[in-house]
Amino acid sequence: MRHLPRLALAAVILASLVSTSATASTMYRYKDSNGRMVISNTVPSESTARGYEILNDKGRVIQVIAPAPTEEELADRDAQKKRKQALEEQRREDAELLRTFSHPDDAVKALRRKLQELESISQLKRGNISVIESQLQEQQSKAADLERSGREVPDNLRNRIDRLRSQILDIEREISAQSQETQSIREAFEDKIERLEELTGQERTLELNPPTTSSEVSNKP
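Let us look at the structure shown here. Note that the structure is a prediction, hence the values are computed from the model and not measured.

## Structural notes on helix 4 (residues 104–148)
Counted at 1.5 Å a residue, the expected span for helix 4 with its 45 residues is 66 Å, and the 65 Å between its end C-alpha atoms agrees. Just past helix 4, the residue Gly-150 takes up positive phi, approximately 80 degrees.

As structure tokens, then:
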């Protein structure tokens, strides 16, 4: 029993010698700051960025550590990654476009329907403005009559006039915003139609604007 501590100590010493021997057998080959090749059991931190080789106890290369990428290389990798992502996104968009439209004219018809829908909404809003303007003129006439007769215009009448004016401004802003939306939709469809022509090898045969004459409307596909 009294020999056990000695055996344990011997095992620890043996393991340490083996570890030290294994560490000492690993060598590194690298270039120093002057470009000279150096072989050593350590690699200075300033040399790791230039890359190095790991050698076994027989001097053979067992692993190559590549140099750290330069800023230009990192920028080029990032640009390549973005180009790849853009191509993948384009392929997805093209596939979806072809699932939706089989011919450029199909996209033209969809654009026409959308433009007609937006124009109908705009006409409805312009009609609402006309109605409100008539109401406004009526209320303003009442206020003018009261002023001409020397009487004070009541607050509820003034408030009604202000409210009608505000409603007109709100609808005009809506029409303006819708006009911008219409332009954006038109531009987006034009891009889609152009891309469809490229993908299908076929050109559109229809005008982008919806037909205006009654005969064109009746003959619309």
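Having seen it, we continue.
## So, the packing of aromatic side chains
Aromatic ring pairs are defined here through the distance separating the ring centres and the angle between the ring planes. For the coordinates displayed, the defined rule picks out 1 aromatic pair. Relative to Tyr-52, the ring of Tyr-28 lies with its centre 6.0 Å away and its plane at 70 degrees, an arrangement referred to as edge-to-face. Here Tyr-52 lies in strand 3 (residues 52–55) and Tyr-28 lies in strand 1 (residues 27–31), a separation of 24 residues in the sequence. In this structure Tyr-28 comes out as partly exposed when scored by relative accessible area, which is 22%. Classification of Tyr-52 as buried rests on a relative accessible area of 18%. Sitting above the plane of the Phe-189 ring, Lys-192 keeps its charged end 5.1 Å from the centroid.

## Comments concerning the pairing of strand 3
On a regular strand, one side chain projects to one face of the sheet and the next to the other, so that they alternate. Summarising the sheet, strand 1 and strand 3 pair through 4 bridges and their orientation is antiparallel. Opposite Arg-29, over in strand 3, you have Glu-53 as the bridge partner. When strand 3 meets strand 4 (residues 61–65), the two strands line up antiparallel, connected through 4 bridges. Pairing of Tyr-52 across the sheet is with Ile-65, part of strand 4. What sits between the antiparallel neighbours strand 3 and strand 4 is a turn of 5 residues, in which Gly-59 has the positive phi angle 80 degrees.

## Some points on the packing of helix 4 against helix 5 (residues 155–200)
Taken N-terminus to C-terminus, the directions of helix 4 and helix 5 make an angle of 170 degrees; their axes are 9 Å apart at the nearest point. It follows from the interaxial angle that helix 4 and helix 5 lie roughly antiparallel. Its residues placed into classes, the contact of helix 4 with helix 5 shows 23 nonpolar, 9 polar and 13 charged.

## A few points about the environment of Arg-204
Tracing the backbone shows Arg-204 in the loop between helix 5 and helix 6 (214–218). Classification of Arg-204 as partly exposed rests on a relative accessible area of 32%. Along the chain, Arg-204 and Ala-107 lie 97 residues apart, while their C-alpha atoms are 9.0 Å from each other. Among the polar contacts listed, one links the side chain of Arg-204 to the backbone oxygen of Leu-206, at a separation of 2.6 Å.

Here is what the cut-offs are and how they apply
- Residues numbered from 1 in each chain as written.
- Predicted model: local features only at pLDDT ≥ 70, side-chain atom pairs only at ≥ 80, totals over all residues.
- Heavy atoms only, no water.
- Helix = DSSP H or I, 4+ residues; strand = E, 2+ residues; numbered from the N terminus.
- Expected span 1.5 Å × (residues − 1).
- Phe/Tyr/Trp six-rings, centres within 6.5 Å; stacked < 30°, edge-to-face > 60°.
- Buried < 20%, exposed > 50% of the residue type's maximum accessible area, 1.4 Å probe, protein only.
- Lys NZ or Arg CZ within 6 Å of the ring centre and 35° of its normal.
- Pairing = 2+ DSSP bridges.
- Axes fitted to C-alpha atoms, helices over the stretch in contact; angles between N-to-C directions.
- Parallel < 35°, antiparallel > 145°, perpendicular 65-115°, else oblique.
- Nonpolar A, V, L, I, M, F, W, Y, C, P; charged D, E, K, R; others polar.
- Polar contact = N/O pair within 3.5 Å; in protein donor to acceptor, adjacent residues only side chain to side chain.

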